[in-house]
Amino acid sequence: MATITLTVNQAIRELSDIDPTTPLLWVLRDHLGLVGTKFGCGKGLCGSCTVHLEGVAVRSCTMPLASVAGRSVTTIEGLAGEGDELHPLQESWIEQDVPQCGYCQAGQIMSAAALLNGNAKPSDDDIDTAMSGNICRCGTYQRIRKAIRAAAEKGGAA
Ligand code: FES
Ligand code: FES
């Protein structure tokens, strides 16, 4: 067991007496109460657990807590701006009515946000490549693409 400190959504969080091999996903959900990040496959294959590590999209279900010690994690709860201001992708998601059951959508938005952080005007191929690891059992892929394109046109990186 160990004490590990990391930054989550710009707040420093200290986790005491914790197994450092605990996957980040369960630290977020069970220890920090951030349940927007979802468990899907637990094997790094579906993307529902996607968060940002230093701005890069990562799978939190396969990332041991020890590997993020001292680093900065952003979850869907921390993506919006100050106050009620939504991230441009969140606005687009609402405008395009993207979700069906919604289960995969936090991970989808986090992958899309990481894409726009590094590529403000992605091509359709860029979008397909960046989003290829995010599975949606409801098949909302066309609306996801449309929402990413719309956010990019509005200057989508927050
Ligand atoms: S739950 Fe992490 S990739 Fe599926
Ligand atoms: S909206 Fe249902 S799994 Fe994607």
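Everything discussed here concerns the structure shown above.
First, a word on what this report is: a plain description of the structure on this page.

Thresholds applied
- Residues numbered from 1 in each chain as written.
- Chains lettered and ligands numbered in written order.
- Predicted model: local features only at pLDDT ≥ 70, side-chain atom pairs only at ≥ 80, totals over all residues.
- Heavy atoms only, no water.
- Buried < 20%, exposed > 50% of the residue type's maximum accessible area, 1.4 Å probe, protein only.
- Helix = DSSP H or I, 4+ residues; strand = E, 2+ residues; numbered from the N terminus.
- Contact = heavy atoms within 4.5 Å.
- Pairing = 2+ DSSP bridges.
- Phe/Tyr/Trp six-rings, centres within 6.5 Å; stacked < 30°, edge-to-face > 60°.
- Polar contact = N/O pair within 3.5 Å; in protein donor to acceptor, adjacent residues only side chain to side chain.
- 1 Å grid on protein atoms, 1.4 Å probe; cavity = no way out; pocket = protein on both sides within 12 Å on 5 of 7 lines; lining within 4 Å.
- Points joined across faces, edges and corners; volume = space filled by probe spheres on them.
- Nonpolar A, V, L, I, M, F, W, Y, C, P; charged D, E, K, R; others polar.
- Domains from an automatic or database assignment.

**Quick notes on helix α1 (residues 24-31)**
Item 1. Every buried residue of α1 is accounted for by L24, L25, V27 and L28.
Item 2. The inward-facing, buried residues of α1 contact β1 (2-8), β2 (11-18), β3 (50-53) and β5 (72-74).
Item 3. Positioned one or two residues after α1, G33 has a phi angle of 70°, which is positive.

**Quick look at the pairing of strand β4 (residues 56-59)**
Item 1. Here β3 pairs with β4 via four bridges, running antiparallel. Across the sheet, residue L53 finds its bridge partner in β4, namely V56.
Item 2. The antiparallel hairpin formed by β3 and β4 contains two residues in its connecting segment, where E54 sits at a positive phi of about 50°.

**Observations concerning the packing of aromatic side chains**
Given two aromatic rings, one states the distance between the centres and the angle between the planes to describe the pair.
Item 1. Inspection of the entire model under this criterion finds one aromatic pair.
Item 2. Ring geometry for W26 and F39: centres 5.3 Å apart, planes at 40°, overall tilted. With a gap of 13 residues between them, W26 in helix α1 and F39 in the loop between α1 and β3 connect regions that are remote in the sequence.
Item 3. Under the relative-accessibility criterion, F39 is labelled partly exposed at 34%.

**Digging into the side chain of T22**
Item 1. Topologically, T22 is positioned in the loop between β2 and α1.
Item 2. Under the relative-accessibility criterion, T22 is labelled buried at 16%.
Item 3. Side-chain polar atoms of T22 contact the backbone oxygen of D19, separated by 2.6 Å.
Item 4. When sequence neighbours within four positions are dropped, the list of residues in contact with T22 reads V27, M63, P64 and L65.

**Side note on the pairing of β1**
Item 1. Across six bridges, the pairing between β1 and β2 is antiparallel. Each bridged residue has a counterpart across the sheet, and for A2 the counterpart in β2 is I18.
Item 2. Hairpin remark: β1 followed by β2, antiparallel, with two residues in the connecting loop; positive phi at N9, about 50°.
Item 3. With two bridges connecting them, β1 and β5 associate as parallel partners. Across the sheet, residue T7 finds its bridge partner in β5, namely S72.

**Quick word on the layout of surface pockets**
Rolled over the atoms, a probe as big as a water molecule pinpoints where empty space is left.
Item 1. The space that makes up the largest pocket amounts to roughly 220 Å³.
Item 2. Lining the largest pocket are N9, Q10, E54, G55, S72, V73, T74, G78, A80, G81 and E82.
Item 3. Within the lining of the largest pocket, the residues separate by chemical class into two nonpolar, seven polar and two charged.
Item 4. Each pocket or cavity is described by its volume, and for the second largest pocket that value is around 170 Å³.
Item 5. If you go around the second largest pocket, the residues you meet are G40, C46, S48, C101, Y103, C104, I135, C136, R137 and C138.
Item 6. Each residue belonging to the lining of the second largest pocket can be placed in one class, and the counts come to seven nonpolar, two polar and one charged.
Item 7. In terms of domain composition, the lining of the second largest pocket takes at least three residues from each of domain 1 (2-78) and domain 2 (88-153).

**A few points about the environment of G81**
Item 1. Checked against the element boundaries, G81 lands in the loop between β5 and α2 (88-95).
Item 2. On the basis of relative accessibility, which here comes to 36%, the residue G81 falls in the partly exposed class.
Item 3. Considered as a pair, G81 and D30 are 51 residues apart in the sequence and their alpha carbons are 24 Å apart.

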